[in-house]
Amino acid sequence: MKTTYSSVGLVRAAIVAASFFVTGFAFAGHLDDRLEPSTALVTGKLENGLSYAVEHIGRPENLGVIWLVVNVGSVHESEKQQGLAHFVEHMAFNGTEDFPKNELIKYFASVGMSFGGDVSAITDFDRTTYWLKVPTDDPAVLEESFRVLENWAHKVSFDAQEVDKERGVILEEWRIKQSPDYRLLQQEFAVNYKDTLYAQRAPIGQPDVIQNGSREDLIRFYKDWYQPQNMMVLAVGDFNKAHIESLIKKYFSALPAAESPRTAAYLSIPDHHETLVSIATDPEAQAASITLKIDQKRKPETTLKSKVEQLKNQLFYSLLAQRLVEVQRTADFDAASTGVQLAHGLGLRTNLTIQATANSSQLEQVMKKLLSETYRVAQHGFGAEEFKRVSGHYRNTLQSQANGQSTFKQKHNAMLDQLILEAPYAGEKNLATMLLAQLDDITVEDINDVAKEWLYHNDNRSVFLRAPDDQADAIPSKKQIIKAWKKAVAASYEPYTESETIDQLISEIPEPGKVINYFYEKRYDAHLWRLSNGARVILKDRKFAEYGIWMKASSEGGQSKLDDKLYRASPYAGAIIDYMGVGDFSSAQLQRFLLDKNVNLKTSLTETHEVLSGSTTNEDLETFFQLLHLKFTQPRVNAQDYNFIKDQLRAALNSQQMKASWRFLEAVYLASNKHNPRSVNVFSPTALNFNSLDDTVEIYQDRFSDVGDFTFVFVGDIDKASIESLLKTYIASIPGEPFAEKETWQYREDQQTKGHLEVHLKEGTENKASVRMELRGQHAWKSYSREVFKAGTSALQILLTEEIRENLSGTYAITVGQSISEFPEGNYTIAISFDCEPERVNELVTAVRRALTKAAEQGFSTEVITSAIQQVVEQRDRDMNRNKIWLDNLADISLHERSYILEDYKYRIAMTNVKVSKVNDAFKVFLRTPDTLYATLLPEGSEVEVEEQGALLY
């Protein structure tokens, strides 16, 4: 359960799919004709006023999401009700007429649905949304999920004892919210939304109301607003639409129509003629930043013409974002980062934001540069080549959507637009097909007109500056800011001159190598090939999962093979190598060249492997292979780019150092590794002091020089004939050592601090404590070790959530993280973390220790472990729809010649070994490790004295 300041219906573009000819739906009318709703969408309204929408999608298989949307949020609260909308949302999980107390959570756990992931809710300014991610291949669970939504709609119990217990949980959520970013955001809201309830009604509410609001107040708010005419039920997934519609009617027709209807309306935000300025400071602000905002009333999106205008707006903001990225690389622009966003926001407004971060002392200069480059665009527009690249980017995006590549969230937002704003839901496929047909008619002149319309608009301008308290004197004043904006609008600029571009990666095609061995592995329906240079290839065709092709090339060795000097230089080597480009092409040239292509490739180093990973599509597959070829044969070395990316990394780390939570993690890391001579403080910018350009090049050459030692795994929309030709040309052609002995990682003894370790800090201004507890050790690996470990940590999560959150109301969330590995040695870590009131640290840590001790001595109950095992199985079944799971496990096969998780029959057999007794026996060992950590972060000046524990188990 969450509260949020997020915008509604964020407009984004992403390169996610390939170029191909789209057939099917065609728009036969005129641009000004109203769009027709998609026939794929089933909509309706019950007699009591509740609206619904249902759509079938086949991917991912056997999965769906159902939502109960209530059009009531924090802006509908009175002064004395601040926080009740969110409180009501919490109480929905604490007992209903059909599911008393915490029976809901127990039920969902028993069918493998996790609280927070599959079962959750969120309260915003304008609405409250509940959702369930349900397995659609289980009719009983599917129907029961609709009964749950119906209970939330009108059967919440508001048990007096549960209300009082939940106060503490919500107060802890409020405490978590009081971060530096939240405090800065509150200052900005006071300016941005002045004279509106958006500035006065934070969804999290006021502590006094949370602590003292009565049960009767909650019931009154619930009855006043949770009325059918304010509700919508949405369903998207792999199910029969008619069946889902029948379930909606079965469960929601019973809701009585409101006797005294109260309709929740959207608030509107009036235009403002003056430029609003917010200068927000905080002692823990991470960095100085400036954001320019221009907004306008959200326009109706009911016709194809309005959708085309929206597309033009998206093209404009993407072009501006790309331009600023280019300018950011120049010597006279000292911004650490830039960004542009176009989003539908609160109060039915559309916001254009242009942002940059910088050192406070350079903020005024950066602000002027940001304004001048923005108004250079307004004055001279974009160039033809810039437009061509960005429009190509959008062509790929639209073609992806025309192929049906939409997320549950995108479907949800489109349904809401139809039901709330009466914007016809034409369907992503249909709309994308229509817009593709219109894209060729959009010119660079059209986009330049859009730029003028946005940037020469004199009203609704705002500026937001952020800085740390101690740097406030270095930032410009409100008067200077307004003057700078006016001056930028009136100034004359020279046209932008784009740097040299490239039109191809490889001019001379290399002499092809050969595939010398073909093998089909029936167990995984995969093809295993050997190339003439020794490289191995695994191909897995999964056309009907996620669209595109995913690749992972890995070789054993990694950081373990580096000497101490190079090891300390290695943490950021992959990012630096990627930034410097390939061949004769800088990263800037590569970025421009790849903008209209679906090609992503990155370099990384782990302790045991060197890895190149990425994704592409069949249409851009040759470009992907060319880039991969150059990664091995011609990595670019450039001192100017090296210094630039190193400065960027240093600025990012300096920014993180402003946060007490970051310094807390740093202190834990340093204490855990104080006896390790190879450790590098990756939390500090000092880590970059170990890295030089020569070291980076030496690391890359050492780890990536022998392509014959690599295994290339490709998963996705595979055409074997096409990919074989490209493999021969671009991978088999790379010189390798086909008969050399394969390298492996070098065993290095774990040198983390042994025994019980405690770290206690008092830093920061937030009135909260952060607690971290770890249990680390070694284990004897068995084929089902990972599943046993996952089941045990899931059981521990259930147990601690019940005790610390539900029974003691001590925290908003307690998290049990886990990692277990077979290589380089059988290591495991169980990490428990939570935030709480500083005065309750000792009490809650004692409760955790008692729970751990009880689990180690008596084990978990059959009910808890059975639920945990079901969650593990359910998550694995969902993961099988993801190409990344296949990619990682097929790579594991290439190294260890097994991966039972990919074989459904063997997985089910293996899971029969994961019994209650086996999990309990294993965890009695896991929990009794002598290597433990107890760490706390309290606010600076806190009078609380943390009691040293000496161990985590009694």
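For the protein, an unreviewed UniProt entry supplies the name Zinc protease and the organism Reinekea marinisedimentorum. In its Cofactor (unreviewed entry) section, the UniProt record describing the protein reads: "Zn(2+)".

Peer 1: Please explain the UniProt feature "domain: Peptidase M16 N-terminal" (unreviewed entry) in the protein as it appears in this structure.
Peer 2: The UniProt entry lists residues 66-175 under the feature "domain: Peptidase M16 N-terminal" (unreviewed entry), expressed in the numbering used here. As annotated, residues 66-175 has a helix share of 44% and a strand share of 16%, and its two end C-alpha atoms lie 30 Å apart.

Peer 1: Help me understand the nonpolar core in this model?
Peer 2: Side chains of nonpolar character tend, in soluble globular proteins, to be buried together. Counting residues in each nonpolar core, the largest one holds 65 residues, and the members touching the most others are Leu505, Phe625, Leu628, Phe712, Phe714 and Ile731. The contacts of Phe625, once residues within four sequence positions are left out, are Phe714, Ile723, Leu726, Leu727, Tyr730 and Ile731. Of all hydrophobic cores here, the second largest spans 63 residues; its members include Tyr317, Phe333, Leu371 and Leu435.

Peer 1: Is there a simple way to think about the sheet that holds strand S19 (residues 711-716) in this case?
Peer 2: One key point about sheets: their strands pair by backbone hydrogen bonds, in either a parallel or an antiparallel sense. Ordered in space as S13-S14-S15-S19-S16-S18-S17, the seven strands form an open sheet in which the pairing is mixed. A single partner strand is all that each edge strand has here, and the edge strands are strand S13 (515-521) and strand S17 (600-605). Strand-to-strand twist of the sheet, defined as the mean angle between neighbouring strand axes without regard to direction, takes the value 15°. Sitting on the sheet, helix H19 (residues 621-633) is in contact with strand S16 (549-556), S17, strand S18 (609-616) and S19, with an inclination near 160° to S18.

Peer 1: Even after reading the chapter, I still don't get the packing of helix H4 (residues 160-177) against helix H24 (residues 785-807), so can you show me in this structure?
Peer 2: Following both chains from N to C, one finds H4 and H24 inclined at 95°, their axes separated by 8 Å at the closest point. The angle between H4 and H24 falls in the class roughly perpendicular. Contacts from Lys165, Glu166 and Val169 of H4 reach H24 at Arg805, Glu806 and Asn807.

Peer 1: I keep staring at the packing of aromatic side chains and nothing clicks. Help me out?
Peer 2: Any aromatic ring pair is given by two values, namely how distant the centres are and how the planes are angled relative to each other. Applying the stated criterion to the full structure yields 30 aromatic pairs. With a centroid separation of 5.2 Å and an interplanar angle of 70°, the aromatic rings of Phe158 and Tyr222 are classed as edge-to-face. One end of the pair, Phe158, is in the loop between helix H3 (139-154) and H4; the other, Tyr222, is in helix H7 (residues 215-225), with 64 residues separating them in the sequence. The burial state of Phe158 is the same as that of Tyr222; both residues are buried. For the ring pair Phe923 and Phe926, a centre distance of 5.2 Å and an interplane angle of 75° mean the geometry is edge-to-face. Linking Phe923 with Phe926, this pair stays in helix H29 (residues 916-926), spanning three residues, or about one helical turn. Assessed through its relative accessible area of 1%, Phe923 is described here as buried.

What counts and how
- In every chain, residue numbers begin from 1 and rise along the written sequence.
- Only residues with pLDDT of 70 or above have their local features reported here, since the model is predicted, and side-chain atom pairs are shown and tallied only from 80 upward, although totals for entire chains, interfaces and linings are computed over all residues.
- Heavy atoms from the whole structure form the basis of all side-chain values; hydrogens and water molecules are not counted.
- UniProt positions are given in the numbering used here, feature names are shortened, and annotations may be inferred rather than shown by experiment.
- In DSSP terms, a helix is any run of H or I states spanning at least four residues, a strand is any run of E spanning at least two, and both are numbered starting from the N terminus.
- By nonpolar core is meant a set of buried Ala, Val, Leu, Ile, Met, Phe, Trp, Tyr and Cys residues that side-chain atoms within 4.5 Å join together.
- Only protein chains enter the accessibility calculation, which uses a 1.4 Å probe; a residue whose area is less than 20% of its type maximum is buried, one above 50% is exposed, and one in between is partly exposed.
- Contacts are residue-level and defined by heavy atoms, with any inter-residue pair within 4.5 Å sufficient.
- Here a strand pair is declared whenever DSSP counts at least two bridges between the two strands.
- Lines fitted to C-alpha atoms define the axes here, with helix axes fitted over just the stretch in contact, and angles between the N-to-C directions of these axes take values from 0 to 180 degrees.
- Here roughly perpendicular refers to angles of 65 to 115 degrees, roughly parallel to angles under 35, roughly antiparallel to angles over 145, and oblique to all remaining angles.
- Ring pairs shown here join Phe, Tyr and Trp side chains whose ring centres sit within 6.5 Å, with only the six-membered ring taken for Trp; geometry is labelled stacked below 30 degrees between planes, edge-to-face above 60, and tilted in between.

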